[in-house]
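An overview of the molecular structure
Residue-level listing of the chains:
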Amino acid sequence: MTLPKSARVSSRAEGKQRARDEGTGGTGGMVLNLEMVTTSYDSVAYTVPVSVGSAQQNLSLQVDTGSSDLWLASKSCSTASCLSTNGRLYDPSSSTPTNTNFTINYLSGTVSGPIVWDSVQLGTYIVQNQALAAANTVSDEPLSVDFDGILGLALPSNSVIEQEIPSATSDNPDGAPFSSNLFSMSPASTAPSQPFFSLTFARPGSDAIPSLLGIGMHPSSVVPDPSKINYSTLVSQDISMLFWKTNVQAITVYVNGQARPVVLTESITGAAFPTALLDSGVPFIITTSSIANGIYGALGISPASDGSYYVPCTTPLNMTITLDGQPELPIHPLDLTSEPSGQQDSQYCVGLIQADDSQLAAIPDIGDMVLGVPFMRNVYTVLAYEPPPFDSSVYTGIRPTLGLMGLTNITEALDEFNNVRVLNQPLGGAPSQQAAPSNDTKMSVGLEVLIGLIGFFALCVTLFGLKWFMTRRQWKKQGMVDTDGGKKGEGDYRAYQLTRQNLQSSDDVPPISTLRTLAYSSYSTRKEKVSEYTFDSSGTRVELDPVDEFGEWNVKYKHSPPSIFDLSDPWDPYAANRDTIVGTDAPLPDSPTSLDFFTTNHRRTLDEINGVRESTSVPLLAERHHRRSSSQSSDSDIAETSVGMAGVGTVARGSQIITGLHHGLPRSDNDDRNSSSFDSCNEVVAPSWRFSTSHEHPDIVDVIDIH
């Protein structure tokens, strides 16, 4: 008989991927995988798939060692439990009715409905005309899309259906439970040769032990040596045995390595030892108050006002149970306490060993303890209908025995408890949902986006700086940037601008030595260019109409000439070729060589050249002087013509031009003139440029050297 199952919402539990079944059935038996289905925060159900009816309906049944009947929620059921299956219900339309009803009362919950005969397939085994209940009323059972009913594996004598439809020795259908029909199938070659079921239950969060159902076969991964299985004698208070129940020899609690045995009194039935039955349908360990108080009393814990027991979550309950014919069987501390639902950081956990004197007294056949899932996770359980060695020649089903083999290493179990409850780490190596909040602090999406944007802009700035560095480096290689970071001539020009702004009159012209230094510095930086306009100081070409000159340029070379009249940019590479005295400037691209181009030339006479003061070795700048009463009159050519000149051979400054000096001279004659010019002057004179007329003093023309 199944004991109370708490109401819960079902969902498929996390666990190891479903492994392949072992064995092929028949006499050799087989091992089937079970699904662990979460039914509440601290409860699970272990289910096995079955096919029912001629339509081969795929359904799932909870394996229940506390009851002996098979029932399925049918399509005629409309209770809350049946609705939780989302319509996955048994259709009995193809079954054979028995005209008998079924009702079973659990300690918590009720199931009722008609009994029918239908085929049931478990693994490769098919039982024809199996009596089952097509339940139309299910109350307080945790059905879901993951399971639809119960497969009872308790002893046949506990079957309610068999009491309604007694079993028969003929081939006619009867009410025998599924286990009896499976092991007595005919011919014998179709039935398992070893009449037993075996069970292992996985622990949530761990795949160390799989969830398996063995049918006449031990799983090789769990039981490499079946001789390690110990068998216990079953006990019963009635004429027949109903449950997988045996005597309890001892219970021991270990505190700080010290054993503290629990004092066991006589059984509630009057027997010398208390008894315990195994029930896989119960998520707790239920016992009497005297046994529960002895277990928790070893830790100094008393029952709370609600009758339950609460243990500090970081305190392990390290205990063992010794059953008849068995050694001490340790129970994993994680299986004995559970954190309250929704309280991951709770200080106290719920003890899964609880007392229920009233229920145990109401049904004396249950005994003193119900060892549910917390105990069965720690053992390999064998529900044998015959004692080993198994003799399949004669199956009577009246000599059942309970086989157990411990699966828990208490040292490893205590380490796992410390990792999970104290260090807040996952149990089986997978990330723990409880551990994540404390060990893995994640940034918000907004912060991640902000950091990404900052990183992007930082990358852009870095690339821009790198590009600027490479560009400046290239400029330096090309001579476009001085070592001080400025453009060529820019420092000289700014220096002169500052000097020019401080001029109050024509008398404030900077010293010749200062201007000579600036001019020579510019000249040195551009000495690679050579002018093809003039080669001596005695012949400087002056064109009265520059537009016509460069009109000739456009005709011959079909592109714009150098910007002669754009005086705002003194650093134009073509500007320095406009008027030079000595061969100091580089030739212009596509420099004209046609004799027709040089139709108009201007020469200065030797007297004009000799008229220059010898102190001006490199004439640079000159400007038209303001007429003042205090000014001294000049007898030079400059005063006579009222033209401010920067040096010999420059273009006219102002509107007056010495037209008398213009005469035609072929370009080829310049070579002779060059020799005489150098002999007479013996000085290098740098060309100069004219800037726009001052707005404040229209009669003043600013001239600056560009070399």
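Residues numbered from 1 in each chain as written. Predicted model: local features only at pLDDT ≥ 70, side-chain atom pairs only at ≥ 80, totals over all residues. Heavy atoms only, no water.

**With respect to the overall build of the protein chain**
Summing up its helical and strand segments, the protein chain has 15 helices and 32 strands in all. For the protein chain, the residues scored as buried account for 47% of the 707 residues in total. Of the contacts made within the protein chain by residues no fewer than 6 positions apart, 70% connect residues no fewer than 24 positions apart. Summed over its atoms, the accessible surface of the protein chain is roughly 34,200 Å², and 53% of this surface lies on carbon and sulfur atoms. (Helix = DSSP H or I, 4+ residues; strand = E, 2+ residues; numbered from the N terminus. Buried < 20%, exposed > 50% of the residue type's maximum accessible area, 1.4 Å probe, protein only. Contact = heavy atoms within 4.5 Å. Areas by Shrake-Rupley, 256 points an atom, 1.4 Å probe, with all protein chains shown as cover.)

**A short note on the confidence of the model for the protein chain**
Close inspection of predicted coordinates is inappropriate in any region flagged by low pLDDT. Confidence along the protein chain averages 74 in pLDDT terms, with 62% of residues attaining 70 or more. Here residues 485-489 scores under 50 on pLDDT; set against residues more than four positions off or in separate chains, the count is 12 contacts. Contacts of residues 573-610 to residues separated by more than four positions or lying in other chains number 139 contacts, the stretch itself having pLDDT below 50. (pLDDT = per-residue confidence, 0-100.)

**Description of helix H7 (residues 410-422)**
Working note: α-helix, 3.6 residues per turn, so residues spaced by three or four point in the same direction. Here H7 is 13 residues long and its end C-alpha atoms lie 17 Å apart, about the 18 Å a rise of 1.5 Å per residue gives. Among all positions in H7, only Ala 413, Phe 417, Val 420 and Arg 421 are buried. Within H7, the buried residues cover an arc of 80° as seen down the axis, which keeps them to one side. Those residues of H7 that are exposed and aimed more than 90 degrees away from the buried face are Thr 411 and Glu 412. For H7, the N-terminal capping position is held by Asn 409, with its side-chain oxygen 3.0 Å away from the main-chain nitrogen of Thr 411. (Expected span 1.5 Å × (residues − 1). Arc of directions from axis to C-beta. Polar contact = N/O pair within 3.5 Å; in protein donor to acceptor, adjacent residues only side chain to side chain.)

**Overview of the sheet that holds strand S14 (residues 212-215)**
Overall, antiparallel pairing links the 7 strands, which are arranged S2-S3-S14-S13-S27-S28-S15 in an open sheet. Both edges of this open sheet fall to strand S2 (22-23) and strand S15 (230-232), since each of them pairs with a single strand only. In this sheet, S14 lies alongside strand S13 (residues 196-200) in antiparallel orientation, the contact comprising 4 bridges. Each bridged residue has a counterpart across the sheet, and for Ser 198 the counterpart in S14 is Gly 214. (Pairing = 2+ DSSP bridges.)

**Side note on a nonpolar patch on the surface**
On the surface, Leu 447, Leu 450, Ile 451 and Ile 454 cluster together to form a nonpolar patch covering roughly 360 Å² of accessible area. Examined against the element boundaries, Ile 451 turns out to sit in helix H9 (residues 445-477). (Patch = residues over 30% accessible without salt bridge, like charges linked within 9 Å, V, L, I, M, F, W, Y side chains within 5 Å. Salt bridge = Lys/Arg side-chain N within 4 Å of Asp/Glu carboxyl O.)

**Thoughts on the state of the cysteines**
Under the defined criterion, the tally for this structure stands at 2 disulfides. Between Cys 77 and Cys 82 runs a disulfide, and the two sulfur atoms are separated by 1.9 Å. Judged by the sign of its S-S torsion, about 85°, the cystine formed by Cys 77 and Cys 82 is right-handed. Summarising the burial analysis for this pair, Cys 77 and Cys 82 share the class buried. (Disulfide = S-S within 2.5 Å.)

**Remarks on the side chain of Thr 287**
In this fold, Thr 287 is placed in strand S19 (residues 285-287). From its side chain, Thr 287 meets the backbone oxygen of Asp 368 in a polar contact 3.2 Å long. Here Thr 287 is in contact with Ala 292, Ile 353, Gln 354, Ala 355, Asp 356, Asp 357, Leu 360, Asp 368 and Met 369, once residues within four sequence places are set aside.

**Some details on the pattern of salt bridges**
If you walk through the whole model with that rule in mind, you get 4 salt bridges. Across the pair Asp 148 and Arg 88 runs a salt bridge, and its minimum N-O distance is 2.7 Å. Taken together, the residues span a long stretch of sequence, with Asp 148 in the loop between strand S11 (137-139) and strand S12 (149-152) and Arg 88 in the loop between helix H1 (80-83) and strand S8 (96-105) at a distance of 60 residues. Given a relative accessible area of 27%, Arg 88 falls into the partly exposed group. Residue Glu 386 is joined to Arg 399 by a salt bridge in which the shortest nitrogen-to-oxygen separation is 3.1 Å. Here Arg 399 lies in the loop between strand S27 (379-384) and strand S28 (401-406) and Glu 386 lies in the loop between S27 and S28, a separation of 13 residues in the sequence. One network of salt bridges, in which partners are shared, links Arg 203, Asp 335 and Arg 377.

**Digging into the pairing of strand S6 (residues 57-64)**
Moving residue by residue along a regular strand, the side chains alternate between the two faces of the sheet. The buried count for S6 comes to 7 of 8 residues, which makes it a mostly enclosed element. Bridge count for strand S5 (residues 43-52) against S6 is 6 bridges, and the pairing is antiparallel. Across the sheet, Val 48 pairs through a bridge with Leu 61, a residue of S6. What sits between the antiparallel neighbours S5 and S6 is a turn of 4 residues, in which Gly 53 has the positive phi angle 80°. As defined by bridge partners, S6 adjoins S12 across 4 bridges and the pair is classed as parallel. If you follow Asp 64 over to S12, its bridge partner there is Gly 152.

**Examining the packing of aromatic side chains**
Here the structure, examined in full by the defined rule, presents 7 aromatic pairs. Note on Tyr 46 and Phe 201: the rings are 4.1 Å apart at their centroids and 10° apart in plane angle, and the pair reads as stacked. Linking Tyr 46 in strand S5 with Phe 201 in the loop between S13 and S14, this pair joins segments that are 155 residues apart in sequence. The burial state of Tyr 46 is the same as that of Phe 201; both residues are buried. Each residue in the set Phe 183, Phe 197, Trp 244 and Tyr 385 is aromatic and connected to the rest through ring pairs, giving one cluster. (Phe/Tyr/Trp six-rings, centres within 6.5 Å; stacked < 30°, edge-to-face > 60°.)

**Details of the pairing of S8**
Alignment of S8 against strand S9 (residues 110-122), held across 8 bridges, turns out to be antiparallel. Bridge pairing links Thr 100 to Ile 115 in S9. Hairpin connection of S8 to S9: 4 residues between the antiparallel strands, including Gly 109 at a positive phi of 115°.

**Things to note about helix H4 (residues 289-297)**
Those residues of H4 not exposed but buried are Ile 291, Ala 292, Ile 295 and Tyr 296. One side of H4 holds all its buried residues, which, seen down the axis, span an arc of 120°.

**Some words on the nonpolar core**
If you look at soluble globular proteins, the nonpolar side chains tend to sit buried side by side. Counting 71 residues, the largest nonpolar core has Met 319, Ile 321 and Phe 375 as its most contacted members. Considering each element in turn, this core owes the most residues, 5 residues, to S5. Not counting chain neighbours up to four residues away, the residues in contact with Ile 321 comprise Val 248, Ala 250, Ile 251, Pro 327, Glu 328, Leu 329, Ile 331, Met 369, Leu 371 and Phe 375. (Core = buried A, V, L, I, M, F, W, Y, C linked by side-chain atoms within 4.5 Å.)

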